[in-house]
Amino acid sequence: MRNPVIAIGLDAADPALIEQWISQGHLKNLRRLREQGSYGRLKTYEYYRAETPWTTFLTGCSPEQTGYWAPLKIKEGTYEVEDIQAYDFAEYQPFYGLGDDYRVAVFDMPQAPLSNQVNGLQVLAWGAHSPQTPSHSIPKSLLQDVIDKHGEHPVLRKDHASIMDVAALKGLQAQLEIGIARRGAICQDLLQQMPWDFFLTIFGETHTAGHYFWHLSQPDHPLYPSVGAKCPGDPVLEIFEAIDEAIGGILSKAPDNAQVVVFAAHGMGSNVMDLPSMLFLPEFLYRWSFPGKYGIARGKYGQPPEPLINDARAKKGWMGKVWSLKHESNPLKGFLRRQLPTKLFNPIAPLFGSTPAPDLISPFKMQAESDPFFFQSPSWYQPCWPQMKAFALPSYSEGYIRINLQGREPQGIVAPDQYDAVCEELTQKLYQLKDARTGEPMVKEIIRTRQSATETGPKLPDGDLVVIWQEKYATDVVDSPDIGRIGPVPFNRTGSHRSDGFLVIQGQDIEPGSSLPAGHSLDLAPTILNLMGAPIPDYFQGKPLSAIKETVVVG
């Protein structure tokens, strides 16, 4: 008889925090699994790390192999960005589409399609973080049956709150905990419907908690002293404790011979990416392309940075506060923009005359025109892209730079024989960008995605350069000897992704207290298939991870 596999994913759960909390006596079910099973760390890619982990997990393939880099993609031959959402799985199917020989149940896997190769049931977008798939199921009536019995997830597609509003954040936490309890109850029900060869669910609440509660939990975030101190308890830990309890409930319904896999394909830390990728980089490239012009947040270079923008100074919300920092050559207009609510400033702005082109587009205008990328601040610079030598693409993690290349972009500026020189110049100038408060270099590494201007292919990413930022500090103000100071600006989400994940396996044939060799997110799918005794596709790029007899001391 096969030993069934029950896999539980913790979306963007940081292994360092889990290890710390286990050692402190928290997370009793994860502690038990680790003591009775085998544990190891995973790595995922250092670039496009927020956008690709689930596709890597589902297909067993790298982004280079699938060609899927991000849900946002530049439309070929234009300066338009489109939302393509999840990978289309036309070339590579989800690994659990195993046909009639295996009974499979999948509940709330994000960024996945309904697969006709699954012999069993599938429920998608019940409560996943960023599901990028419709809410539907096989059988078709199953999703509604689940909702009728257990309820909806309270924050599906609305799992966010202002990081400065502690009451709203605590409200979000309460809603996440309701979702966690309901997910646990649903999984218990589904596990008992029939004997499954493979059962999979993902807790997306860890992802949301990391993004929005980090500054309420972890002292390494600059807002912890002023905002986190106002919050009772530790919301991130409390979310993990609720999930740990739900895991215990799920496993109480598991068959005695079940093999249990708990994993995270990537992690979380203090947010070192949102402001650099979404604000500092597009502004840097704007000033570099238009010497003497400023877009947003012109700071006083060479002077001590102004204080953090905290609760008392961020009443307009993140987007409103950042847009109020738009540079104006007229001092009075700039003063009024900063001080007045947007709805009062906009009617009087025309009295000062029009701003010389090229100019940024207001996110509020984009929002009024139903532009889905109004919240992506690189898109505010989009009207300027045709006149820029390089521009920043919208991003959920690293910084992505697109060279405005002749013959590729409709109004390309950079000649192909100048491509390498422009890439090198940008690279050197970005390496000089520093955190204005600490003096630390902002850039850890810059990756070239093409060897030359002529390299083309449907599986290449849109960015010509990928900027990997430092991970020591969450930065709100930066300095450059070339373009001056940007900031301070208000923080947005306070947690961002890391390339560290983890894997714990427990079962009858797993050595208790053993360690897994260092692995990669590519290894997750082959490891699960190996545990199931299922065939591993030849195109997989990872390998099954096996326990080694090296005792792990817990506690």
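This write-up is about the structure you can find in this document. (Residues numbered from 1 in each chain as written. Predicted model: local features only at pLDDT ≥ 70, side-chain atom pairs only at ≥ 80, totals over all residues. Heavy atoms only, no water.)

### Focus on the overall build of the protein
1) Next: On a plain count of helices and strands, the protein comes out with 15 helices and 21 strands.
2) Next: A compact globule built from 555 residues would reach a C-alpha radius of gyration of about 24 Å, and the protein, at 24 Å, matches this within 12%.
3) Next: Counting only C-alpha atoms, the protein reaches 75 × 55 × 45 Å along its principal axes.
4) Next: Within the span of the protein, comprising 555 residues, buried residues form 60% of the whole. (Helix = DSSP H or I, 4+ residues; strand = E, 2+ residues; numbered from the N terminus. Rg over C-alpha atoms; globule rule 2.2 N^0.38 Å. Buried < 20%, exposed > 50% of the residue type's maximum accessible area, 1.4 Å probe, protein only.)

### Some thoughts on the sheet that holds strand β16 (residues 478-480)
1) Next: Taken in spatial order, the 3 strands line up as β13-β16-β17 in an open sheet, and their pairing is antiparallel. Every other strand in the sheet has two partners, leaving β13 (434-435) and β17 (484-486) as the edge strands with one partner each.
2) Next: When β13 meets β16, the two strands line up antiparallel, connected through 2 bridges. Within the sheet, the bridge partner assigned to Asp435 lies in β16 and is Val478. (Pairing = 2+ DSSP bridges.)

### What to know about the pattern of salt bridges
1) Next: Applying the stated rule across the entire model yields 29 salt bridges.
2) Next: Glu35 is the partner of Arg31 in a salt bridge, and the nearest nitrogen-oxygen pair spans 3.1 Å. Residue Arg31 and its partner Glu35 are located together in helix α2 (residues 28-36), separated by 4 residues, close to a single helical turn.
3) Next: Overall, Arg31 belongs to the partly exposed group, its relative accessible area being 24%. (Salt bridge = Lys/Arg side-chain N within 4 Å of Asp/Glu carboxyl O.)

### Details of the side chain of Arg498
1) Next: You can see Arg498 is positioned in strand β18 (residues 495-498).
2) Next: A polar contact is formed between the side chain of Arg498 and the backbone oxygen of Ser270, at a distance of 2.6 Å.
3) Next: Those residues within four positions of Arg498 in sequence are excluded, and the remaining contacts are Arg49, His266, Gly267, Met268, Gly269, Ser270, Val272 and Glu471. (Polar contact = N/O pair within 3.5 Å; in protein donor to acceptor, adjacent residues only side chain to side chain. Contact = heavy atoms within 4.5 Å.)

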